[in-house]
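# Structural overview
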Amino acid sequence: MTDDTAAAGQVSASNPVFDEAESDAIVPHPRYDITSYGSDPDVEGLVRRIRRAEILVPSFQRDYVWRLPEASRFVESLLLGLPVPGVFFAIEPKTNKLLVIDGQQRLKTLQFFYDGVFNPRPGEGRQRVFILTDVDPRFAGKRYSTLEEPDRLRLDNSIIHATIIKQDSPPDEDTSVYHVFERLNSGGQKLAAQEIRVALYHGPLIDAIRELNNYGAWRELFGKVSAHLKDQELILRYLSLAYELHLYERPMSEFLSKFAGRHRHAEGRFLAEIQSKFTSAIDLVWSALGRRAFRPERAFNAAVFDSTMVGLTHLVAKNPTVDPGEVRRRYEMLLADTAYQEAVSRSTADETFVNLRISKAVEILGG
């Protein structure tokens, strides 16, 4: 559940989005072949590899949530020789770097302690020094640089067990890592689907979507920035259906993850093309419909959004200077179509309804 969608057919009072596809329970996972093995790196080695960006710690708005006493007690456990929970990594296929799937709080704590600054805030002047707090008197008030040498060596040489996974098959997509991430991230606030994608599929495509999310007309149409990246997910959804509708299979979430994985390392021409398609369609929507766009009722309707955007992309490709009044007329015709109404109001992740609403939008808007 996110701030944007409370349940199928329900919306929150803040920036409401109707996306019935979010509650799609049908998840036909393929059978995965995964290689996994254990490793016992020492703490100093882990910190070195994080600094060299060989270990990638996902970055979220709420990425680091430990308070100083909690972080201090974790370091204290290592100084006392107590066992600590292990971490989970996935091997990135092209780079062989390790992506942290579980354990980012522990790993960031170690990096902060070694660097001497607790949860640094880029751009802020004064930073909080990492001094051990609420711990054994032997360690209280100590920084990494002021630890007694035997204690510093004990910490450096402490072992944290790591489990490392790599998907061997299916070879053309790595959604198993998404599902492992989803199941292991069981902290106080469950991550939304797009937050996980941003971590797993970071690269030029995700960067481009993040940039498009700041586009003026889109911000006017959607509203305030979504804390859980629902607005970015909608842009990904439009692109996925605009380019790969022929590959669509429910659930919608899995389809979006596969698209993000396939195009993760997209290059200049493709990135320029998606920027042009998205901004052209959004500009046309804003000039023709204003803030009522994509809202047949009170809430922003994700199915109306994806189909309207694909339809208008077809229209702009045929007629870049189409009159906004004509777009408004066609949009009203689309919303009045009985078959289209059904396809955007129930079972919106169903293959039949996805194809129906897209075909109707292309026919009426883009014809």
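Residues numbered from 1 in each chain as written. Predicted model: local features only at pLDDT ≥ 70, side-chain atom pairs only at ≥ 80, totals over all residues. Heavy atoms only, no water.

## Concerning the overall build of the protein
Looking only at helices and strands, one finds 15 helices and seven strands in the protein. Relative to its full complement of 367 residues, the protein shows a buried share of 50%. (Helix = DSSP H or I, 4+ residues; strand = E, 2+ residues; numbered from the N terminus. Buried < 20%, exposed > 50% of the residue type's maximum accessible area, 1.4 Å probe, protein only.)

## Some thoughts on the confidence of the model for the protein
Averaged over all residues, the pLDDT of the protein is 88; the fraction at 70 or higher stands at 89%. Of the regions scoring below 50 in pLDDT, residues 1-13 engages in 28 contacts with residues more than four places distant in sequence or in other chains. (pLDDT = per-residue confidence, 0-100. Contact = heavy atoms within 4.5 Å.)

## Description of the packing of aromatic side chains
Summed over the entire model, instances satisfying the criterion amount to 19 aromatic pairs. Ring geometry for F113 against Y144: centres 6.1 Å apart, planes inclined by 80 degrees, an arrangement best described as edge-to-face. Taken together, the positions of F113 in helix 3 (residues 104-115) and Y144 in the loop between helix 3 and helix 4 (149-157) put the pair 31 residues apart, joining distant regions of the chain. Feature note: the residues Y64, F112, F113, Y114, F118, F130 and Y144 constitute an aromatic cluster, connected by ring pairs. (Phe/Tyr/Trp six-rings, centres within 6.5 Å; stacked < 30°, edge-to-face > 60°.)

## Digging into helix 1 (residues 43-51)
Within helix 1, the full set of buried residues consists of V43, G45, L46, V47 and I50. Where helix 1 is buried, its residues touch strand 3 (55-56), helix 2 (68-79), strand 4 (87-91), helix 3 and helix 4. Capping the start of helix 1, D42 holds a side-chain oxygen 3.3 Å from the backbone nitrogen of E44, two or three residues further along. Among the residues trailing helix 1, A53 stands out with phi positive, at a value near 60 degrees. (Polar contact = N/O pair within 3.5 Å; in protein donor to acceptor, adjacent residues only side chain to side chain.)

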